[in-house]
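Coordinates in review
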Amino acid sequence: MSTLPSPSVPAESAPRDRAGVLADLRARIRRIEGVGGDGGRILPFGVEAIDAHLPDGGLPLGCLHAVTAEDPGAGTGFAATLLGRLATPKAPALWILRGRDLHAPGLAAYGLTPDRLVAVRAVRAVDALWAMEEALRCSALSAVLGELEGLDLTASRRLQLAAESSGVTGFLLDLGAGMPGRRGGRPEGLSAAVTRWRLDAAPSRDEEEDRAPRPAGGLPGLGAPRWSVALERCRGGRPGRWTLIREEEGWRDAGEPRAGNRWQMSDTRQSSRQSGLSDHRPAAAGR
């Protein structure tokens, strides 16, 4: 009986085929685990120490992330920085507020200009949760941030599935961790969030490395703002803790020299260079 000759495969193509198969398997595993629901896209921090702890070297997009703040200003600034890098005029970000206002010039310093941000207010937690789930299903948005706390596994899973279905990245922002009776660590329940971050303000230093020109209207004699950033949970990654310095050009690890790898902040920042966000002035965005 004659047999058909086996097709010849160039030797150099085998490694490429194996690499393609492995890449496809990794992508399928990410989709099954809910890590990077939008085709495995990531958002690198530009800080090597942090990116090395994240799956594929960056923050997975198209899924849910949780940010808890011991210091409300640090948590708000951290979340606003991430939203500012994702939002565009064609695909703005949505910020769901709970009982407070945002300072529009402060948001502009993070790249969240009025054409890139829609702000809504929900009085009740149940309304905020509904609004966030519905917004995460809207592919016209780049990201959705909801000021929510204490969600159970079922609620967070619904948000995660909504983010996976559209590729929109979601952020849960809990600003109550530093309130009386909660500092020192509130027991964290089960959550479907892919990552969980904890933010706190770190002492600013007036060292030579921090003596950068102050922004217009900034306070003299103070070093650059510093944040204590803890990655407490990361699906497919590793926990870690860092102190970040926020400069005009972006973030820098306090343990790295000034020439370290940093991402560039959005060029949309105009005259407003203030790094703080206020909770007592109305925001112009989305109004």
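Going by the structure above, here's the rest.
Quick look at the structure, then. (Residues numbered from 1 in each chain as written. Predicted model: local features only at pLDDT ≥ 70, side-chain atom pairs only at ≥ 80, totals over all residues. Heavy atoms only, no water.)

Regarding the pairing of strand β7 (residues 169-174)
- For β7, the tally of buried residues reaches six of six residues, placing the bulk of the element in the interior.
- Residue alternation in β7 divides its side chains into two sets, T169, F171 and L173 and G170, L172 and D174, and both sets are buried.
- Where strand β3 (residues 64-69) and β7 come together, five bridges link them in parallel fashion. Each residue of the ladder has a partner; that of V67, found in β7, is L173.
- The pairing of strand β6 (residues 143-146) with β7 spans four bridges and is parallel. By the bridge assignment for β7, V144 is matched with G170. (Buried < 20%, exposed > 50% of the residue type's maximum accessible area, 1.4 Å probe, protein only. Helix = DSSP H or I, 4+ residues; strand = E, 2+ residues; numbered from the N terminus. Pairing = 2+ DSSP bridges.)

What about the side chain of E133?
- Turning to its location among the elements, E133 is positioned in helix α5 (residues 125-136).
- Once residues lying within four places of it in the same chain are set aside, the contact partners of E133 are R158, L159 and A162. (Contact = heavy atoms within 4.5 Å.)

Focus: the sheet that holds β7
- Taking strand neighbours across the sheet as the criterion, the nine strands line up as β5-β4-β6-β7-β3-β8-β9-β10-β11 in an open arrangement whose pairing is mixed. Looking along the sheet, the strands with just one partner apiece sit at the ends: β5 (117-121) and β11 (250-253). Put simply, the sheet's adjacent strands are angled 25 degrees from each other on average, direction ignored.
- Here α5 sits on the sheet and contacts β3, β4 (93-97), β6 and β7; the angle it forms with β7, its principal contact strand, is near 160 degrees. (Axes fitted to C-alpha atoms, helices over the stretch in contact; angles between N-to-C directions.)

Some remarks on the state of the cysteines
- In this structure the tally under the stated criterion is zero disulfides.
- In this model C63 remains outside any disulfide bridge; the closest cysteine sulfur is found in C234, 9.3 Å from its own. (Disulfide = S-S within 2.5 Å.)

Re the packing of aromatic side chains
- Counting across every chain of the model gives six aromatic pairs.
- Relative to W251, the ring of F45 has its centre 5.4 Å away and its plane inclined at 15 degrees; by these criteria the two rings are stacked. Placement of the pair is F45 in the loop between β1 (42-43) and α2 (48-51) and W251 in strand β11, with a sequence separation of 206 residues. In this pair, the class of F45 matches that of W251, namely buried.
- Three or more aromatic residues joined by ring pairs make a cluster, and in this case those are F45, F78, W197, W227 and W251. (Phe/Tyr/Trp six-rings, centres within 6.5 Å; stacked < 30°, edge-to-face > 60°.)

Regarding the pattern of salt bridges
- One pass over the structure, following the stated rule, counts eight salt bridges.
- Put simply, D101 and R121 hold a salt bridge, and the shortest N to O gap is 2.1 Å. Taken together, the residues span a long stretch of sequence, with D101 in the loop between β4 and α4 (104-108) and R121 in strand β5 at a distance of 20 residues.
- Between D127 and R124 there is a salt bridge, with its nearest N and O atoms 2.9 Å apart.
- On the basis of relative accessible area, D127 is assigned to the partly exposed category, the value being 30%.
- A single network of salt bridges, built from pairs that share partners, joins E70, R196, R198 and E232. (Salt bridge = Lys/Arg side-chain N within 4 Å of Asp/Glu carboxyl O.)

Some words on the nonpolar core
- By size, the foremost hydrophobic cluster in this structure holds 41 residues, and its most contacted members are F45, F78, W95 and W197.
- The leading source of residues in this core is helix α3 (residues 72-86), at seven residues.
- In terms of nonpolar packing, the next biggest core, distinct from the first, is built from 19 residues, L94, A128, A131 and M132 among them. (Core = buried A, V, L, I, M, F, W, Y, C linked by side-chain atoms within 4.5 Å.)

Re the pairing of β3
- Among the six residues in β3, six count as buried, and that is most of the element.
- The pairing of β3 with strand β8 (residues 195-202) spans five bridges and is parallel. Paired with V67 across the two strands is W197, which belongs to β8.

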